[in-house]
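A closer look at the structure
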Amino acid sequence: MEVTYREEGVAEAAASVAGRLSDDGVPARLAAGDPALWGAGAEAEAAIRLGWLNLPRTSRELLPELGKLVERARAEGLDHVVLSGMGGSSLAPEVICNTADVALTVLDTTDPDQVRRALDDRLDRTIVVVSSKSGSTVETDSHRRIYEQAFRSAGIDPAERIVVVTDPGSPLEQAAVEAGYTIFLADPNVGGRYSALSAFGLVPSALAGAEIEQLLDDAAEVLPSLALKEGNPGLALGAALGGAALAGRDKLILEDQLTEINGLPDWIEQLVAESTGKQGRGILPVVAAEPTGARDELVVAIESDDGDVRVDGPLGAQFMVWEYATALAGLVLGVNPFDQPDVAESKDNTTRVLDGPPAAEEPVLVDGPVEVYGESRAGDLSGVLTELLKAVPSDGYLAVMAYLDRLAAFDAPMPEDPDFEQMTEAWMAADAQTLRALLAMRTPRPVTFGWGPRFLHSTGQYHKGGPSNGVFLQITGAVTADVEVPGRPYTLGGLQLAQALGDRRALIGRGRPAVRLHLTDRAAGIAHLLAAAQEV
Ligand SMILES: O=P(O)(O)OC[C@H]1O[C@H](O)[C@H](O)[C@@H](O)[C@@H]1O
């Protein structure tokens, strides 16, 4: 595992931070799991959050039981693996399975269309992993209820198809015991976003067919170096992240194009944003964007020369080193890297909206299939986008957050016998993510993109707790066929909208500009929105 500095400014800032940390004995203290490192205020929490340092060893204990489960699933022909989990309970398995090139259907959404897509896909051969550390996350609870009902209606016993990963004593464990589900209990001394090498990362990945022992071997191999002052990749990376941020380079552009590791930036995004984005400080990860050369950017590239910092190594070691580096970056920035104090606010607001829907807000503008909610004096949609881009401060960013089906673009109409280029073009023309790229061309500031509610468990913490320089654009869409959540008074569509309204309320409450665009026809709305972005 190797971390290389490819730019002088970064090398200098990192060297000075690394020197200071080494003088204080930090590398060895962190490797030994010293909870006092982050100060008295963080000590109690750190004392129950450093278990990730032992996972390369302790997670091996899972292998025999997990091997049996994988064997049983194979023998029964259960080859469609669905993972229901938010944030730390799904981001690592997603990158593990993408890298291993094995199929895993990740449900980290409340979008009714996307959930129905998963339900309609090979239910007779589906095994569902329901993962939640707290065991009380509303999205995961809803998926579990929906799958239980779907299995029963198909004459399948849910106990044969549902596997639960949770912390001991959680409400999900209790429900799983009562229902007779297969249960894997995770190490409670590991926080969600540090849980890649725990049961949360390993159970769904093994079921999907990934080689998980190799991940643990690669993580174990890097471990001894994390106690060192020299030749310590975690110290090198943490000092670069923290040192650059202190020097004003607090936008972290993550590059991993065309490497063997596939999708690591989405996992890093949660780790770094939730760990550092609080008390008005933090590092903003920017995924899938081209560097612009802005003075506040730090470009980190996975296995390529495209960055100011280059990080090489296999996936298991990358998990370990990024976790260690992020814990150090938190120390350098003076924040507790193990809590997420501002995530709950949007959740509470969502509950409030579900309990008693607010008086209907009138759109300030309707432009074709797009309604605009929020403060705007623009006469049309491209005017709204122009206003938002202008509102971004010189050190700020624009966050686009789409509460939509992230697979909808694959339904785009295609020309007959399309070649790859034509297919890509058709997908991009139907994909909300294309808006990020179009807006990025029209501003020198970073533009981030998140699917809602997935990002609420990731960058959502930074949006509310980090520096107050974000501008927010939400996209929601009309629901044509909703999905009931059995035993709950809401539908998925109702929950999804409540999540958008709840988060917007939290952002506005903090004085941040936040506009919601509602697509009254989803496909036509995306097309209209992308056309408007081209006119900005
Ligand atoms: O695993 P769970 O308890 O369901 O939590 C899933 C996610 O929920 C919260 O929003 C936290 O901010 C995340 O850090 C966490 O990964």
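Residues numbered from 1 in each chain as written. Predicted model: local features only at pLDDT ≥ 70, side-chain atom pairs only at ≥ 80, totals over all residues.

Quick word on the overall build of the protein chain
What the protein chain contains, in helices and strands, is 21 helices and 16 strands. A compact globule built from 536 residues should have a C-alpha radius of gyration of about 24 Å, and the protein chain, at 23 Å, falls within 12% of that. Along the first, second and third principal axes, the C-alpha set of the protein chain runs to 60 × 55 × 50 Å. The burial tally for the protein chain puts 54% of its 536 residues in the buried class. Restricting to contacts in the protein chain with at least 6 residues of sequence separation, those with at least 24 account for 77%. (Helix = DSSP H or I, 4+ residues; strand = E, 2+ residues; numbered from the N terminus. Rg over C-alpha atoms; globule rule 2.2 N^0.38 Å. Buried ≥ 20, exposed ≤ 12 C-beta atoms within 10 Å, placed from the backbone. Contact = placed C-beta atoms within 7 Å.)

Remarks on the sheet that holds strand β10 (residues 309-312)
One open sheet holds the five strands; their spatial order is β1-β10-β9-β7-β8, and the pairing between them is mixed. Across the chains shown, the open sheet's two edge strands, defined by having one partner strand only, are β1 (2-5) and β8 (284-287). Adjacent strand axes in the sheet meet at a mean angle of 25°, parallel and antiparallel pairs treated alike. For strand β7 (residues 251-255) and strand β9 (residues 297-302), the ladder comprises five bridges, and the chain directions are parallel. From the neighbouring strand, Leu254 faces β9, where its bridge partner is Val300. Of the strands in this sheet, β1, β9 and β10 are in contact with helix α12 (residues 233-246), which crosses β1 at around 40°. (Pairing = 2+ DSSP bridges. Axes fitted to C-alpha atoms, helices over the stretch in contact; angles between N-to-C directions.)

Section: the domain arrangement of the protein chain
A common way to express how large an interface is: the accessible area buried when the components associate. When cut into domains, the protein chain gives domain 1 (2-25 + 229-333), domain 2 (55-216) and domain 3 (343-534). Contacts between the two partners involve 18 residues from domain 2 and, on the opposite side, 23 residues from domain 3. Among the residues making up the side of domain 2 that touches domain 3, the classes are represented as five nonpolar, six polar and seven charged. (Domains from an automatic or database assignment. Nonpolar A, V, L, I, M, F, W, Y, C, P; charged D, E, K, R; others polar.)

Quick word on the nonpolar core
With 167 residues, the main nonpolar core has Val203, Leu328 and Leu398 as its most contacted residues. Of all the elements, helix α14 (residues 315-333) adds the most residues to this core, at 14 residues. With sequence-adjacent residues up to four places away left out, Leu328 is seen in contact with Leu21, Leu30, Gly234, Leu235, Gly238, Ala239 and Gly242. (Core = buried A, V, L, I, M, F, W, Y, C linked by C-beta atoms within 7 Å.)

Notes on the pairing of β10
Burial along β10 is one-sided: Val309 and Val311 are buried, while Arg310 and Asp312, pointing the other way, are not. Note that β1 and β10 share four bridges and pair antiparallel. Opposite Tyr5, over in β10, you have Val309 as the bridge partner.

Focus on the packing of helix α16 (residues 381-391) against helix α21 (residues 522-534)
Running from N to C, α16 and α21 point in directions that differ by 60°, and their axes come no closer than 8 Å. As the angle between them shows, α16 and α21 are arranged oblique. Handedness of the crossing formed by α16 with α21: right-handed. Touching Leu381, Ser382 and Leu385 of α16 are His528, Leu529, Ala532 and Ala533, all from α21. Here the contact of α16 with α21 is built from residues that sort into five nonpolar, two polar and no charged. (Parallel < 35°, antiparallel > 145°, perpendicular 65-115°, else oblique. Left-handed = near helix turned anticlockwise from the far one by under 90°.)

Some words on the site of the ligand
Close to the ligand lie 15 residues; Gly87, Gly88, Ser134, Thr137 and Gly192 are nearest. Classifying every residue of the shell around the ligand by side-chain character gives two nonpolar, ten polar and three charged. (Near = placed C-beta within 6 Å.)

Description of unusual backbone geometry
Negative phi values dominate among residues other than glycine, just as trans dominates among peptide bonds. Cis geometry is found at the peptide bond from Gly452 to Pro453, where omega equals -5°. Despite not being glycine, Gln279 shows a phi value in the positive range, around 55°. Following the sequence through the fold, Gln279 ends up in the loop between α13 (264-276) and β8. Using a count of 15 C-beta atoms within 10 Å as the deciding quantity, one classes Gln279 as partly exposed. Even without being glycine, Asp417 reaches a positive phi, approximately 50°. With respect to the helices and strands, the residue Asp417 is situated in the loop between β13 (397-403) and α17 (420-429).

Describing helix α5 (residues 63-75)
For α5, spanning 13 residues, the distance from its first C-alpha to its last is 18 Å, which sits close to the expected 18 Å at 1.5 Å a residue. Gly77 occupies a position one or two residues after α5 and carries a positive phi of about 75°. (Expected span 1.5 Å × (residues − 1).)

Observations regarding the sheet that holds strand β16 (residues 514-519)
The strand order across the open sheet formed by six strands is β11-β12-β16-β15-β13-β14, and the pairing between neighbours is mixed. Edge positions in the open sheet fall to β11 (365-367) and β14 (447-451), since each of these has one partner strand only. The sheet shows a mean angle of 20° between the axes of neighbouring strands, taken without regard to direction. Sheet strands in contact with α21 are β12 (370-373), β15 (470-477) and β16, and its direction is about 130° off that of β16.

Considerations on the packing of α5 against helix α10 (residues 199-208)
Viewed as axis vectors pointing N to C, α5 and α10 meet at an angle of 35°, and their least axial separation amounts to 9 Å. Read as a crossing pair, α5 and α10 show a hand that is right-handed. Residue-level inspection shows Leu66, Leu69, Val70 and Ala73 of α5 in contact with α10, the latter providing Leu202, Val203, Ala206 and Leu207. Grouping the amino acids of the contact of α5 with α10 by side-chain chemistry returns eight nonpolar, no polar and no charged.

Side note on α21
Taking 1.5 Å per residue as the helical rise, α21 with its 13 residues ought to reach 18 Å, and the 19 Å between its terminal C-alpha atoms agrees with that figure. Among all positions of α21, only Arg522, Gly525, Ile526, Leu529, Ala532 and Ala533 are buried. When α21 is viewed along its axis, its buried side chains cluster within an angular range of 130° and face the same direction. Each element contacted by the buried residues of α21 is listed here: β12, α16, α18 (434-440), β15 and β16. (Arc of directions from axis to C-beta.)

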